[in-house]
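Now for the letters of each chain:
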Amino acid sequence: MAILYNEQTKEFHLQTENSSYILHVLENDQLGQLYYGKKIRHKNSFEHLFEKGDRPNTPYLKEGDMTFTLEQTKQEYPSYGTTDFREPAFQILQENGSRITDFKYESHRIFQGKPKLDGLPATYVEDGDNTETLEITLYDEVIDAKLILLYSVFEEQDAIARSARFTNNGNGKLNLTRAMSANIDLLDSDYEMIQLSGAWARERHVKTRKLETGIQNISSTRGTSSVHQNPFLALKRPHTNEFHGDVFGFSLVYSGNFLAQVEVDYLEVSRVSIGINPFDFNWMLEKGESFQTPEAVMIYSNEGLNGMSQRYHNLYQTRLARGKWRDQVRPILTNNWEGTYFDFNEEKIVEMAKQSQELGVELFVLDDGWFGKRNDDTTSLGDWFVDYDKLPNGITGLAEKITALGMDFGLWFEPEMVSKISELYKKHPDWLIHVPDRNLSHGRNQYVLDFSRKEIVDALYEMMSAILRDAKISYVKWDMNRYMTEIGSAQLPANRQREVAHRYILGVYDLYERLTSEFPDILFESCASGGSRFDPGMLYYAPQAWTSDDTDAVERLKIQYGSSFVYPISSMGAHVSAVPNHQVGRITSLETRANVAYFGAFGYELDVTKMEEDEKQAMKDQIAFYKKHRELFQFGTFYRINSPFEKDGNRTTWLVVSKDKSQAIVADYHVLCKPNRSFNRLILKGLNEDYTYTIEGFDGEYNGDELMEAGIPLDHERFRKNGEHNVEGDYASRLFVLNKQ
């Protein structure tokens with residue numbers, strides 16, 4: 001059993017394969033925490049783990065009792081105002097102005113499986129899964145409200161998924177001003193916090209800082225999870241590295257404004273909380289109404305950061321991503337965007353597709369510019385009807401021509417946005433997110449449609465589904481290219497305006513759910529100016545995401561490395577583009593560009609008709625190589641070895657290993673060539689120490705333990721590229737393909 005209950009002591013022991021999480025009912029009938037960490041054996045009582053005592057300058061709950069105070073108590077889902085001065089997990093504003101609550105334990109149930117969350121993406125279970133759920137019901141009799149805490153234990157994946165649901169059963173209105181998805185009070189503060197931060201074209205860079213007394217947090221107020229911060233943080237011990245030591249991961253399955261923070265108090269307790277950002281948030285609950293928080297996924301690993309990441313990869317790849325494409329290798333594609341931008345016609349697109357197909361590409365994607373009068377980024381968003389000047393046979397005719405070549409056809413949409421120069425805006429100027437009588441700012445010459453309104457989501461569904469029903473489309477790239485400003489809705493009353501940002505995300509999820517349900521065979525790829533919404537919430541609907549608009553191979557090393565802390569390789573759209581690179585102007589070899597892009601959902605973002613014959617042959621060889629190994633690339637076990645964020649950042653190494661450890665592909669990248677450098681060893685991970693391996697293209701046999709301890713001496717003449725000397729130049733890369741003998 002994954003969930004055990006000690007009835008006499010009212011303790012709940014949640015067990016995964018390698019971790020234990022223990023909580024209990026406190027003497028005031030609220031919930032407390034006792035332990036989270038490496039798995040420990042169950043016993044009939046863990047009462048001795050609860051700590052309390054008399055301390056100076058401390059308020060206590062009961063008169064005459066100088067021992068029990070919430071200020072010193074590790075709590076499960078804490079409130080504010082009754083002896084705990086740390087930031088709470090939730091807060092409810094009542095009609096009399098009070099924010100004081102007292103949710104007491106009422107009941108619990110333990111059951112097999114996992115319930116769906118209403119209107120929200122979440123992890124799920126399938127028949128035969130060894131997953132149990134604990135549902136704890138708490139009740140506040142003064143306001144007649146219930147608080148239900150859900151814990152689903154993925155025993156084999158070493159993960160615990162948590163969320164909370166509030167229900168107002170009383171006659172008075174309740175305003176939920178804060179509703180986090182999870183709270184954890186860890187035993188001490190000897191941790192370093194890892195976050196994934198960045199900006200457009202340099203997303204999810206790994207940042208590390210030591211915890212100090214006070215609050216450390218990351219957040220978004222942009223209406224999306226954003227490129228600037230990702231809804232994830234990890235706490236690791238100072239000595240923890242990629243392969244050894246303790247680490248706790250916290251990931252939010254949500255695509256909107258979020259907060260993830262750690263508060264260290266004067267007793268050195270670290271309070272971790274993650275959920276919807278309470279800044280500019282309020283949710284009013286009338287009688288009978290409920291509010292469900294998004295899901296947070298917690299993972300503990302004592303096998304370092306790689307151990308944490310591999311657990312997230314396994315869970316998110318198999319129990320968050322859904323549908324036909326979850327377990328199916330992704331097609332190799334060509335996207336025309338960097339090849340043509342808005343300047344194309346049907347003849348040009350068909351010729352690009354034809355030449356791509358001849359080289360082995362399986363899917364051609366038509367990006368922005370096919371609709372309305374879209375010749376630049378100032379017009380036509382919202383007008384999802386074809387531009388017959390560019391495409392005289394329409395999308396349906398173009399799709400038929402491309403599929404006749406033996407390829408699949410994909411199409412770009414940006415359904416959440418509108419241009420002022422558009423038919424949609426002329427008809428419905430009030431459909432924008434806006435505030436009356438206030439300046440309306442723009443981004444990329446476009447505005448955000450109010451997806452908090454059902455009629456707008458319905459209208460976009462009708463436009464998109466009509467195109468998808470009529471044409472042979474097997475792939476959709478769903479883009480979103482600006483953040484929210486002047487957040488307001490023409491439909492909602494004044495006391496619900498702070499609900500707009502969350503209602504908007506619920507509208508996005510609703511449209512995704514309808515389209516993916518009606519068109520289950522279509523592969524959806526999420527995109528938001530690259531990685532502005534690269535989060536677990538999107539992964540539930542689209543099993544892959546455009547990792548970044550930055551396609552430069554050197555920059556992608558950091559972007560893909562950081563993304564791998566949480567997200568599986570199969571979720572990362574990774575393309576080879578033309579040089580000089582359009583984002584940074586860097587010139588790298590076609591080989592290095594492919595060697596980076598292989599570790600993801602592989603494709604090309606260029607005009608193949610402008611390539612030289614030798615480049616086309618190289619592209620053909622790359623495609624053949626990827627087809628041979630793509631199941632390993634997309635669904636193997638990923639290991640990070642050398643980090644671009646450590647030392648001078650000059651070297652990055654990673655590898656992917658098959659589940660049975662019979663195959664592996666290692667990639668080693670050097671950014672700048674150094675004179676008279678030291679000898680380099682490639683120390684591998686994840687192999688079977690008892691196996692003997694060969695390395696394609698090189699002589700010899702190598703034992704697994706040898707490769708993981710002594711490594712591959714890269715400067716030995718046996719391993720030099722084509723027998724050349726060991727000066728490879730800048731932006732060099734090498735792949736090694738290992739096979740069990």
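Residues numbered from 1 in each chain as written. Predicted model: local features only at pLDDT ≥ 70, side-chain atom pairs only at ≥ 80, totals over all residues. Heavy atoms only, no water.

Colleague: Please set out the side chain of Arg237 residue by residue, giving values where relevant.
Modeller: As for its position among the elements, Arg237 is in the loop between β14 (229-236) and β15 (247-253). Ignoring any residue separated from it by four or fewer positions in sequence, one finds Arg237 in contact with Asp188, Asp190, Tyr191 and Asp246. (Helix = DSSP H or I, 4+ residues; strand = E, 2+ residues; numbered from the N terminus. Contact = heavy atoms within 4.5 Å.)

Colleague: Please provide a residue-by-residue account of helix α4 (residues 394-404), values included.
Modeller: Within the sequence span of α4, burial applies to Gly394, Ile395, Gly397, Leu398, Ala399 and Ile402. Positive backbone phi, approximately 95°, marks Gly406, located one or two places after α4. (Buried < 20%, exposed > 50% of the residue type's maximum accessible area, 1.4 Å probe, protein only.)

Colleague: For the domain arrangement of the protein chain, give the residues involved together with the corresponding values.
Modeller: Here the protein chain is described as being made up of domain 1 (3-320), domain 2 (331-557 + 571-623) and domain 3 (642-740). Just the C-alpha atoms count here: the centres of domain 1 and domain 3 sit 41 Å apart. (Domains from an automatic or database assignment.)

Colleague: Tell me what's going on with the sheet that holds strand β2 (residues 11-15), and back it up with residues and numbers.
Modeller: If you trace the 4 strands from one edge of the open sheet to the other, you get β1-β2-β3-β4, paired in antiparallel fashion. Only two strands of the sheet have a single neighbouring strand rather than two, namely β1 (3-6) and β4 (31-38). Taking each pair of neighbouring strands and ignoring which way they run, the sheet shows an average axis angle of 15°. (Pairing = 2+ DSSP bridges. Axes fitted to C-alpha atoms, helices over the stretch in contact; angles between N-to-C directions.)

Colleague: Kindly report on empty space enclosed by the protein, identifying the contributing residues and their values.
Modeller: Summed over the entire model, instances satisfying the criterion amount to 9 cavities of 30 Å³ or more. Surrounding the largest cavity, 13 residues form its lining, Gln30, Leu31, Tyr77, Pro78 and Phe103 being those nearest its centre. For the lining of the largest cavity, the class distribution of residues is 7 nonpolar, 4 polar and 2 charged. Lining the second largest cavity are Gln33, Leu34, Leu49, Phe50, Glu51, Gln72, Thr73 and Lys74. For the lining of the second largest cavity, a count of residues per class yields 3 nonpolar, 3 polar and 2 charged. (1 Å grid on protein atoms, 1.4 Å probe; cavity = no way out; pocket = protein on both sides within 12 Å on 5 of 7 lines; lining within 4 Å. Points joined across faces, edges and corners; volume = space filled by probe spheres on them. Nonpolar A, V, L, I, M, F, W, Y, C, P; charged D, E, K, R; others polar.)

Colleague: I'd like a rundown of the side chain of Asp383, residues and numbers included.
Modeller: Locating Asp383 in the fold gives a position in the loop between β22 (363-366) and α4. No salt bridge is formed by the buried Asp383, whose closest oppositely charged neighbour, Lys427, lies at an N-O distance of 7.3 Å. A distance of 3.0 Å separates the side chain of Asp383 from the backbone nitrogen of Leu424, its partner in a polar contact. When residues no more than four places from it in sequence are discounted, the contact partners of Asp383 are Phe371, Gly372, Ser422, Glu423 and Leu424. (Lys, Arg positive; Asp, Glu negative; His and termini not counted. Salt bridge = Lys/Arg side-chain N within 4 Å of Asp/Glu carboxyl O. Polar contact = N/O pair within 3.5 Å; in protein donor to acceptor, adjacent residues only side chain to side chain.)

Colleague: Give a detailed account of the pattern of salt bridges, specifying residues and quantitative values.
Modeller: For the structure on display, the rule yields 50 salt bridges. Among the salt bridges present, the one from Arg109 reaches Glu135, with a minimum N-O distance of 3.0 Å. Within this pair, whereas Arg109 is found in strand β6 (residues 104-112), its partner Glu135 is found in strand β7 (residues 131-140), the two being separated by 26 residues in sequence. Classification of Arg109 as partly exposed rests on a relative accessible area of 44%. Take Glu135: its relative accessible area is 13%, and that puts it in the buried class.

Colleague: Before we move on, can you summarise the packing of helix α3 (residues 346-358) against α4 with the specific residues and values?
Modeller: Running from amino to carboxyl end, α3 crosses α4 at an angle of 25°, the nearest separation of the two axes being 10 Å. In terms of axis orientation, α3 runs roughly parallel to α4. The two elements α3 and α4 meet at a crossing, and its hand is right-handed. Between α3 and α4, the residues in contact are Glu346, Ile349, Val350 and Ala353 and Leu398, Lys401 and Ile402, respectively. A breakdown of the residues in the contact of α3 with α4 according to their chemical character gives 5 nonpolar, no polar and 2 charged. (Parallel < 35°, antiparallel > 145°, perpendicular 65-115°, else oblique. Left-handed = near helix turned anticlockwise from the far one by under 90°.)

Colleague: Any chance you could break down the environment of Glu192 for me, citing the residues and the numbers?
Modeller: Among the structural elements, Glu192 can be located in strand β11 (residues 192-199). Along the sequence, Glu192 and Val247 sit 55 residues apart, while their C-alpha atoms lie 9.4 Å from each other.

Colleague: So, unusual backbone geometry: which residues are in play, and what are the values?
Modeller: Cis peptide bonds are those with omega within 30 degrees of zero, and the linkage from Val579 to Pro580 qualifies with -5°. Its place among the elements puts Pro580 in the loop between β29 (572-577) and α10 (590-597). At Ser226, a residue that is not glycine, the phi angle is positive and equals roughly 85°. Within the secondary structure, Ser226 is located in the loop between β13 (214-219) and β14.

Colleague: Pulling in residues and values, what's your account of the environment of Ser662?
Modeller: Inspection of the secondary structure assignment puts Ser662 in the loop between β32 (651-657) and β33 (663-670). Sequence spacing of Ser662 and Glu295 is 367 residues, and the spatial spacing of their C-alpha atoms is 36 Å. With residues near it in sequence (within four places) discarded, Ser662 still touches Tyr691, Tyr693, Leu738, Asn739 and Lys740. There is a polar contact of 2.7 Å between the side chain of Ser662 and the side chain of Asp660.

Colleague: Go over the pairing of strand β20 (residues 295-301) with me, naming the residues and quoting the values.
Modeller: A large share of β20 lies buried, amounting to 7 of its 7 residues. Burial along β20 is two-sided: the face carrying Glu295, Val297, Ile299 and Ser301 and the face carrying Ala296, Met298 and Tyr300 are both buried. Direction of pairing for strand β9 (residues 159-168) relative to β20: antiparallel, over a ladder of 4 bridges. Opposite Ala159, over in β20, you have Ile299 as the bridge partner. Taken together, the 7 bridges between β15 and β20 define a ladder with antiparallel strand orientation. If you follow Val253 over to β20, its bridge partner there is Glu295.

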